[in-house]
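Chain by chain, the residues run as shown.
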Protein chains: 8
Amino acid sequence: MNKAEISKLLQRVKDNEIEVETAMGIIEDLPYKEMGFAKIDNHREIRVGYPEVIYCEGKTVEQVKSIIEFMLTKDNNILATRANEKMYEAVKSICAEAQYNPLGRTITIRKREENLTDSYIAIISAGTSDMPVVEEAAETATILGNRVEKIIDVGVAGIHRLFAKIDIIRGAKVVIVIAGMEGALASVIGGLVDKPIIAVPTSVGYGANFGGLSALLSMLNSCASGVSVVNIDNGFGAAYNASIINKL
Amino acid sequence: MNKAEISKLLQRVKDNEIEVETAMGIIEDLPYKEMGFAKIDNHREIRVGYPEVIYCEGKTVEQVKSIIEFMLTKDNNILATRANEKMYEAVKSICAEAQYNPLGRTITIRKREENLTDSYIAIISAGTSDMPVVEEAAETATILGNRVEKIIDVGVAGIHRLFAKIDIIRGAKVVIVIAGMEGALASVIGGLVDKPIIAVPTSVGYGANFGGLSALLSMLNSCASGVSVVNIDNGFGAAYNASIINKL
Amino acid sequence: MNKAEISKLLQRVKDNEIEVETAMGIIEDLPYKEMGFAKIDNHREIRVGYPEVIYCEGKTVEQVKSIIEFMLTKDNNILATRANEKMYEAVKSICAEAQYNPLGRTITIRKREENLTDSYIAIISAGTSDMPVVEEAAETATILGNRVEKIIDVGVAGIHRLFAKIDIIRGAKVVIVIAGMEGALASVIGGLVDKPIIAVPTSVGYGANFGGLSALLSMLNSCASGVSVVNIDNGFGAAYNASIINKL
Amino acid sequence: MNKAEISKLLQRVKDNEIEVETAMGIIEDLPYKEMGFAKIDNHREIRVGYPEVIYCEGKTVEQVKSIIEFMLTKDNNILATRANEKMYEAVKSICAEAQYNPLGRTITIRKREENLTDSYIAIISAGTSDMPVVEEAAETATILGNRVEKIIDVGVAGIHRLFAKIDIIRGAKVVIVIAGMEGALASVIGGLVDKPIIAVPTSVGYGANFGGLSALLSMLNSCASGVSVVNIDNGFGAAYNASIINKL
Amino acid sequence: MNKAEISKLLQRVKDNEIEVETAMGIIEDLPYKEMGFAKIDNHREIRVGYPEVIYCEGKTVEQVKSIIEFMLTKDNNILATRANEKMYEAVKSICAEAQYNPLGRTITIRKREENLTDSYIAIISAGTSDMPVVEEAAETATILGNRVEKIIDVGVAGIHRLFAKIDIIRGAKVVIVIAGMEGALASVIGGLVDKPIIAVPTSVGYGANFGGLSALLSMLNSCASGVSVVNIDNGFGAAYNASIINKL
Amino acid sequence: MNKAEISKLLQRVKDNEIEVETAMGIIEDLPYKEMGFAKIDNHREIRVGYPEVIYCEGKTVEQVKSIIEFMLTKDNNILATRANEKMYEAVKSICAEAQYNPLGRTITIRKREENLTDSYIAIISAGTSDMPVVEEAAETATILGNRVEKIIDVGVAGIHRLFAKIDIIRGAKVVIVIAGMEGALASVIGGLVDKPIIAVPTSVGYGANFGGLSALLSMLNSCASGVSVVNIDNGFGAAYNASIINKL
Amino acid sequence: MNKAEISKLLQRVKDNEIEVETAMGIIEDLPYKEMGFAKIDNHREIRVGYPEVIYCEGKTVEQVKSIIEFMLTKDNNILATRANEKMYEAVKSICAEAQYNPLGRTITIRKREENLTDSYIAIISAGTSDMPVVEEAAETATILGNRVEKIIDVGVAGIHRLFAKIDIIRGAKVVIVIAGMEGALASVIGGLVDKPIIAVPTSVGYGANFGGLSALLSMLNSCASGVSVVNIDNGFGAAYNASIINKL
Amino acid sequence: MNKAEISKLLQRVKDNEIEVETAMGIIEDLPYKEMGFAKIDNHREIRVGYPEVIYCEGKTVEQVKSIIEFMLTKDNNILATRANEKMYEAVKSICAEAQYNPLGRTITIRKREENLTDSYIAIISAGTSDMPVVEEAAETATILGNRVEKIIDVGVAGIHRLFAKIDIIRGAKVVIVIAGMEGALASVIGGLVDKPIIAVPTSVGYGANFGGLSALLSMLNSCASGVSVVNIDNGFGAAYNASIINKL
């Protein structure tokens, strides 16, 4: 609600076209309505035109089912992340077209066809073990309406594989780099392309990896300047972020 | 060098239009020349049309001076970060138009006038103690050719001050959020605007702040989805990143 | 036992109204009796008029059952925290009126009706995943005799939801803020209300959350001044603390 | 601005007693004005009737001086924390009645006499090395209008000294416990008194103390239930917190 | 083998009382034999007159059984630590007099009756949850031939319970203090008794306890001077250590 | 592909002995082929003449089986690390000669007989609990074609056992030292032999061991100069490394 | 004050041999007097017959001087630890016989001659850089009345040097082992001698030493069973501890 | 001293060719003499034919000078590491031919000309800021008698610079990779060359670099298999290690 609209509302009060009480209700809501979005889950917001998102970790099968049941009453696409097989079965029982990506642990329900962007997001991973995060990111980016190119298994220990794909990477508008262990891939790509790079450290590895800390610190200390970082294993966040940039 | 060009080159060899040795030289260089950029410092790269950047921390006054002396032979703008007063004096003795930002610890030399972007980068800070990082980011963003809006001292402990500036923040194409202590500002802004947000944790604070670790973890765990993070106190990196996005 | 009482006791010895041995017994107990409370479990103390508390984690079903069996011989209310379903069933077999809160994992047995305070404790949480801690805190505060107002799911990523409840929060005498991930809610509320705020970091989150460390550091570094912090997931401790303040 | 006032404002618009534009200005400001306070420094807020507070660490002598110069134009008491001797001299040159506590590193300026509370805050420290934090807390609590009782050097290694003071501690309305090294004092006092206890870990110690981490973890894990914790060395925060509780 | 013995051996060679080859064998063994002990397990050594010890964690039931089978061929007492119920059953099948302490997870086999020391080791614990470590320590100390006094559940949150036992504690020759959470008990006892105190941090607790780190740091930073520390949950090590001191 | 070969290729183009398109294909591959190796898994590379390696952790039984099925089409030896029993059964169903080392969790398939080196790698471990890492290292070193000498259970707590084996250790060309707990063995051996020592910290231990951190830091801080370190529990990496050195 | 004495006191009250008020005073003091010691500094206690100890770190020269001035009024020996040269000069100006150990940073004043114990404490260090801690421990042990044998520079990288001293080490009643870097010396000695070993990690080292953390963890995880640990660089604490044991 | 020699010695005793006492002296020394080296400093050992090494950090100018004075009486080359300018001046005053490398902070004195190896050690660094570690490594490797090739400033952010030097790197017998920040260079080189790689993390960087921890973890978690790691900034250790390998 912008200045003009407030002014118009007050004018209507003055002109007796609207009751004081009605106006009061509208003004009371003002700090919320102006933000133009609503939330079901406080972890991952949904905005107008966006799919509704539900983060399933720590929720029961029953909770996930009933939240999605409620979401289905509206006409938006739906994305459930960190969902297990049992959750999917429960959801499928109330919505036959629900689809499950077992690797990425996502449930997706498409109510309307999204027009994919012309520009695309490149999602690059160092190893096959990073696939769950790749898939979460890819499902997220796609349902948010983005064209996606996946380039997997191009870790720095065999850098020639990366070079073979350099043109696809350079063609992207945004690049998501997903890597565990020492996370060196983000720096190498950061030195090769001049696009915004969102790095996702993964918890892949063992020993002094300390649950992804190694890759996280690596990426934060990247000697390449175009790299920013999201939380460990946060494929959703990276894709959400990339989607905002891709649609600028 | 694309397929067509390689094909053409070989054809020219076949047609005796070019010597085997000349062709050999071109082919040998192939993986390097195609990257199309050069570096002076391996920490912060410069690309075509970009200013040349020098990171001064850990360098002597003499080293800084002679690197900039060399840079001056070319026609690019120059940005020196983490520079102290003595470095500035040394640089000024060889280049009168050099300017120093004592808070941001940057030296800037402008050889050509940059056309600033229409869209702008909002640089927001939680407290006045975060100013050094704000200034480093602002100087970097400006010399990279971006319009900048600074909104300082709007930390979450007095959230009304933030709301007073919400329109300027929402008008930006990219948002840089700089905060120390608990770094909550990034999450709050992430919930209010639908733009890419680059969060910079600062080392401002004491005790359980552990040199910026507190704000760093906070920002990585942000419950708002559009937030990505760079290294502690890395105003340059945030601005460089924001500039890439702003110019997309 | 104050000075006057010791004096009186000695006078009674002098006046031969009491045997030396009896007096000796009383004096021997002196350092303990004067403290005026007894303990069953050394982790969570009970005082006069307070419910008896048992912390179940790390205890067997059998141990929990027999401790409560003993407690039932006295006439106090009973609170068991971190209790699982099996413990509840065992307790119920010896005390039909025992009640279980599966989310908060508490067993409560009410022997006497507590008069709730007029002033209330506001218990605020950032997300639905923080509910177990909310429920532990709410059950604790209630059985300690406090009126409670729960305001859940008002995390900073959707700050308008928080503002909608600001009057209820400001009306409280003490505020408990429960948040995981980046824990920013404590700082935001600390800037909005002028009441004692007890912050409870939760282990909700993943990756660089490091089991609640992220929220813990955030809250300790809060830029708002009225915030103090208890251990990660310690809903009981926060409520106990708040109860002491609420009853001042 | 409550519902009644909004309703009244709109009625006045309707009745043509007030211009649309004037009403619009009032409504626009609504989310901020209702909070009813203003800030000079975003780290430590001041509220109506409170002294104005300035946190000096990381500020220049000149900055401190000019901020206090501005504060002097208003009629509030002033508290500057983490101030060094040079800052004090600068402040004294513009305000002769300024006082300096070299141990607590505070500057205080009293414009109006505060009526101290009847109830008092007990400030207890384990060792003489914790004195700087004790003094910061005491100066803060006093200028906030609280009566204070200091009990220093009663660490657990000589627990009889603590018992000698137990009556003074039990007589307090709120207790601040300040301890470095292993921070055990907070737990011991928590077991002896039934008052809200605010624990301040200090960075006193060496080796595996890790800058106060040892005492911090100790206090967070206290086996006594009435203990909450603030940041390492944060005497100001503890006193501010205690003051809110003491004045309930 | 001391100087005199080497000299004598060489003299016997010279005097032809012993063959060169025999002497050579003795000399070759010299650096090993002189140490006068043998080991079965490289984690926990056994010495002459000591029971044989086996650390079961990370070993299979079969391995434990066969190691003890071998030990039984000798005439020493046997102590198995960190043994589970299945291991005990396997051992019992080959040695009927084997005894199991389920809380302390120890198996003990007594081949000869040990004469307990006159002086005793006091084993003190803060809470009932520390019982497993108490029992491991007690079983170890006893089979090593020490008289033991256990004083459990005397944590600092109810310090009067500790004072009730102070005479037993002061009567000991060595004191083992076992505590989790904030580990304050070690410092309090260190201030009350003038005996060697061996502190054992336990992993009892949650949240910012970080698996015993909290109690470990507490004990290392103890303000009382007679305290030394062993590894988290290491009841065996503490008792072994105490036994050496008790037998001095 | 060296200079001479490129030159020759171009000459053949010139001489019309080879088609432009064929040459183009060869040149396009140039940056990869010249590296002289291929990869199936980006974690552990295989090179010409080396066995093919597959890291099984985080892979499904089905994935492991099909990767090895593919590998079997080639004529190399195969090493699968971190493989469980079920994976082995699946592999055995398609390749009868596959062998499983249950302690080392390796599957090995030998297609050609390797000629073992004359010089040998000594693999030394502190305790029997380190055996899984010893076995992984031994299987790796052997299939890479190295002669191996295992010396287990010679931890520093019984240093005479180490001296009994000193000649075998000194006879090696490379030494792998595997130790958990305090990892002191690496330093002791480093002071006794003048060979390259590769230290492998293991996660064996408990409490303040923190998953191998203790041994890791120990080995990195070794006061002996010939010691370098690989990741915790990384027997494969140590053996791979040792093999490169042993074959120099 | 034992039972008999209380009984006697009460009898005297009954028999009118003593006034009620006098008896009351005695009984009030009961929990404190019975502890039988007094403290000047709450960090390091002094007991009957012990020297008075002052810990100088964090104290001003003036404070140290006046505390020692007060101590001199009594007839005890005095030990000041962590004292710098300036403190020594100040102390010397009031007490000519004060002696300074610049390496150990101790000031000692001897008022009475101590009779040294027959048994001795062996103080062993890994390297010359550990000398400050060696000297602090040696000065402390000596003024506490113990005979001391120092064996320095016998780190495990040259283990033969240690063996050359093994008889002196085995002859001690208690052994203090001081080592930085990887701290392996404690384990090696723990495997060679059957005496109580107090290990002192030092902050000697760099990089992954992390201020002594490496040696600290090493010693806590020692595979030898007779080792207990004190804080990093805490030579005083180790010697105090050793003295208690040596005098048992 | 092998079996044959012991046998011979005993025979000579038997044959009266040697006195019992003389033989006894030889046998007593047996475990030590056989190691064949002596140490001045327990941090960095010297062996036969090796230069004598002194680690200057934490030593006074006077100590360094007198140790080198003693070393000069022997005929070995001398290497002093971590030496400052003042130490150099002091050394120069007693040995004119001493040379100082101010970047690498090494003093070298050459008494005999070393014959450099044919094979060489490649020392590669990511950035110019890593030069001090490069120089320490280079000086160490050279005085140990190795040919050295330095390749500096080839960090992964500009990977083409690395490829330009790939032939020199591949020609080496051992490779030392020195990198700070994210330390990715080790993995990239590990994927390109099949030689032993010794990685040295440096403390170059800021913020989440945590004094070199970032690069250290990166290198330990390297996805390339031929990489082992030494302590942060430990150029000496890497070169010493490389020298052993280079001379195999």
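Residues numbered from 1 in each chain as written. Chains lettered and ligands numbered in written order. Predicted model: local features only at pLDDT ≥ 70, side-chain atom pairs only at ≥ 80, totals over all residues. Heavy atoms only, no water.

1. Some remarks on the layout of surface pockets
Of the voids in this model, the largest pocket is the one considered here, and its volume is about 1,400 Å³. Forming the boundary of the largest pocket are 33 residues, of which Leu213 of chain A, Leu213 of chain B, Leu213 of chain F, Leu213 of chain G together with Leu213 of chain H lie nearest the centre. The element that contributes the greatest number of residues to the lining of the largest pocket is helix H9 (residues 213–220) of chain G, accounting for 4 residues. (1 Å grid on protein atoms, 1.4 Å probe; cavity = no way out; pocket = protein on both sides within 12 Å on 5 of 7 lines; lining within 4 Å. Points joined across faces, edges and corners; volume = space filled by probe spheres on them. Helix = DSSP H or I, 4+ residues; strand = E, 2+ residues; numbered from the N terminus.)

2. Here we look at unusual backbone geometry
Even without being glycine, Asn16 of chain E reaches a positive phi, approximately 60°. Positionally, Asn16 of chain E belongs in the loop between helix H1 (3–14) and helix H2 (20–33). In this model, Phe210 of chain F sits at a positive phi of 50°, which is unusual for a non-glycine residue.

3. Description of the side chain of Ser214 of chain D
Relative to the helices and strands, Ser214 of chain D is located in helix H9 (residues 213–220). Looking at Ser214 of chain D, the relative accessible area reads 0%, which means it is buried. Engagement of the side chain of Ser214 of chain D in a polar contact is seen with the backbone oxygen of Leu217 of chain E, the distance being 3.4 Å. Apart from residues no more than four positions distant in its own chain, Ser214 of chain D is found in contact with Met181, Glu182, Ala208 and Asn209 of chain D together with Leu217, Ser218 and Asn221 of chain E. (Buried < 20%, exposed > 50% of the residue type's maximum accessible area, 1.4 Å probe, protein only. Polar contact = N/O pair within 3.5 Å; in protein donor to acceptor, adjacent residues only side chain to side chain. Contact = heavy atoms within 4.5 Å.)

4. Some details on the packing of aromatic side chains
Within this structure, the stated rule accounts for 28 aromatic pairs over all chains. An angle of 15° between the planes, with centres 5.1 Å apart, marks the rings of Tyr88 of chain B and Tyr100 of chain B as stacked. Linking Tyr88 of chain B in helix H4 (residues 85–92) with Tyr100 of chain B in strand S3 (residues 99–101), this pair joins segments that are 12 residues apart in sequence. Here Tyr88 of chain B and Tyr100 of chain B have matching classes, each one buried. We note Arg82 of chain B situated over the ring of Tyr206 of chain H; from NZ or CZ to the ring centre the distance is 4.4 Å. (Phe/Tyr/Trp six-rings, centres within 6.5 Å; stacked < 30°, edge-to-face > 60°. Lys NZ or Arg CZ within 6 Å of the ring centre and 35° of its normal.)

5. Some words on the sheet that holds strand S3 (residues 99–101) of chain H
All names here are of chain H. The strand order across the open sheet built from 4 strands is S1-S2-S4-S3, with neighbouring strands paired in mixed fashion. Every interior strand has two partners, whereas the edge strands, strand S1 (52–55) and S3, have only one. Across the sheet, the mean angle from the axis of one strand to that of its neighbour is 15°, orientation sign disregarded. Contacts from helix H4 (residues 85–92) reach S3 and strand S4 (106–109) within the one sheet, and its direction differs from that of S4 by about 20°. Its contacts with the sheet put helix H5 (residues 131–143) on strand S2 (78–81), S3 and S4, and the angle it makes with S4 is roughly 15°. (Pairing = 2+ DSSP bridges. Axes fitted to C-alpha atoms, helices over the stretch in contact; angles between N-to-C directions.)

6. A look at the packing of helix H5 (residues 131–143) of chain C against helix H10 (residues 235–246) of chain C
A pair of packed helices is characterised by two quantities: the angle between their axes and the separation of those axes. Residues and elements named next belong to chain C. Put simply, H5 and H10 touch, their axes get as near as 8 Å, and they point 35° apart. For the pair H5 and H10, the sense of crossing is right-handed. For the pair H5 and H10, contact is made by Val133, Glu136, Ala137, Thr140 and Ala141 and by Gly235, Phe236, Ala239 and Tyr240, respectively. A per-class count over the contact of H5 with H10 returns 6 nonpolar, 2 polar and 1 charged. (Left-handed = near helix turned anticlockwise from the far one by under 90°. Nonpolar A, V, L, I, M, F, W, Y, C, P; charged D, E, K, R; others polar.)

7. Section: the domain arrangement of chain A
All names here are of chain A. When its domains are assigned, chain A resolves into domain 1 (31–109) and domain 2 (120–246). Domain 1 and domain 2 are separated by 25 Å when their C-alpha centres are compared. Contacts between the two partners involve 17 residues from domain 1 and, on the opposite side, 13 residues from domain 2. Carbon and sulfur atoms supply 62% of the area that domain 1 and domain 2 bury against each other, a total of about 1,300 Å² over both sides. Between Arg82 and Glu136 there is a salt bridge whose closest N-O contact spans 3.1 Å. Inspection of the region where domain 1 meets domain 2 yields 4 residue pairs in polar contact (both at pLDDT 80 or more). Contributions of two or more residues to the side of domain 1 that touches domain 2 are made by strand S4 (78–81) and strand S6 (106–109). (Domains from an automatic or database assignment. Buried area = accessible area lost by both parts, 1.4 Å probe. Salt bridge = Lys/Arg side-chain N within 4 Å of Asp/Glu carboxyl O.)

8. Observations concerning the pattern of salt bridges
Residues and elements named next belong to chain A. A full pass over the atoms with the stated rule returns 31 salt bridges over all chains. A salt bridge links Arg147 to Glu149; its shortest N-O distance comes to 4.0 Å. Among the residues examined, Arg147 registers a relative accessible area of 32% and is labelled partly exposed.

9. Points about the UniProt feature "domain: PurE" (unreviewed entry) in chain A
Look at the UniProt record and you will see "domain: PurE" (unreviewed entry) annotated at residues 119–248 of chain A. This span, residues 119–248 of chain A, is 40% helix and 19% strand, and a straight line between its end C-alpha atoms measures 11 Å. (UniProt positions renumbered as here; feature names shortened; annotations may be inferred.)

10. Here's the deal with helix H8 (residues 185–192) of chain C
Within H8 of chain C, 8 of the 8 residues are buried, which leaves the element mostly enclosed by the surrounding structure. Among all positions in H8 of chain C, only Leu185, Ala186, Ser187, Val188, Ile189, Gly190, Gly191 and Leu192 of chain C are buried.

11. Some remarks on the environment of Ala126 of chain G
All names here are of chain G. Looking at where Ala126 falls in the secondary structure, it is placed in the loop between strand S5 (120–125) and helix H5 (131–143). Assessed through its relative accessible area of 11%, Ala126 is described here as buried. It is 9.3 Å that separates the C-alpha atoms of Ala126 and Leu162, two residues lying 36 residues apart in sequence.

12. Focus on H4 of chain H
All names here are of chain H. Listed in full, the buried residues belonging to H4 are Met87, Tyr88, Ala90 and Val91. Projected down its long axis, H4 carries its buried residues within an arc of 165°, all on one side. Turned more than 90 degrees off the buried face of H4, the exposed positions are Lys86 and Glu89. Where H4 is buried, its residues meet helix H3 (61–72), S3 and S4. Its side-chain oxygen placed 3.2 Å from the backbone nitrogen of Lys86, Asn84 serves as the N-cap of H4. (Arc of directions from axis to C-beta.)

13. What about the packing of helix H3 (residues 61–72) of chain B against H4 of chain B?
Residues and elements named next belong to chain B. H4 packs onto H3 with a crossing angle of 40° between their chain directions and a minimal axis gap of 9 Å. The pairing of H3 with H4 is recorded here as oblique in orientation. H3 and H4 meet at a crossing whose hand is right-handed. Residues Val61, Val64, Lys65 and Ile68 of H3 form the contact with H4, whose participating residues are Lys86, Met87, Ala90 and Val91. (Parallel < 35°, antiparallel > 145°, perpendicular 65-115°, else oblique.)

14. Considering the pairing of strand S6 (residues 106–109) of chain F
Residues and elements named next belong to chain F. Here S6 shows no split at all, with Thr106 and Thr108 on one side and Ile107 and Ile109 on the other all buried. Where strand S4 (residues 78–81) meets S6, 3 bridges bridge the pair, whose relative direction is antiparallel. When the sheet's bridge partners are listed, Ile78 is paired in S6 with Ile109. Where strand S5 (residues 99–101) lies against S6, 3 bridges are found, and the strand directions are antiparallel. Along S6, the bridge assignment pairs Asn101 with Thr106.

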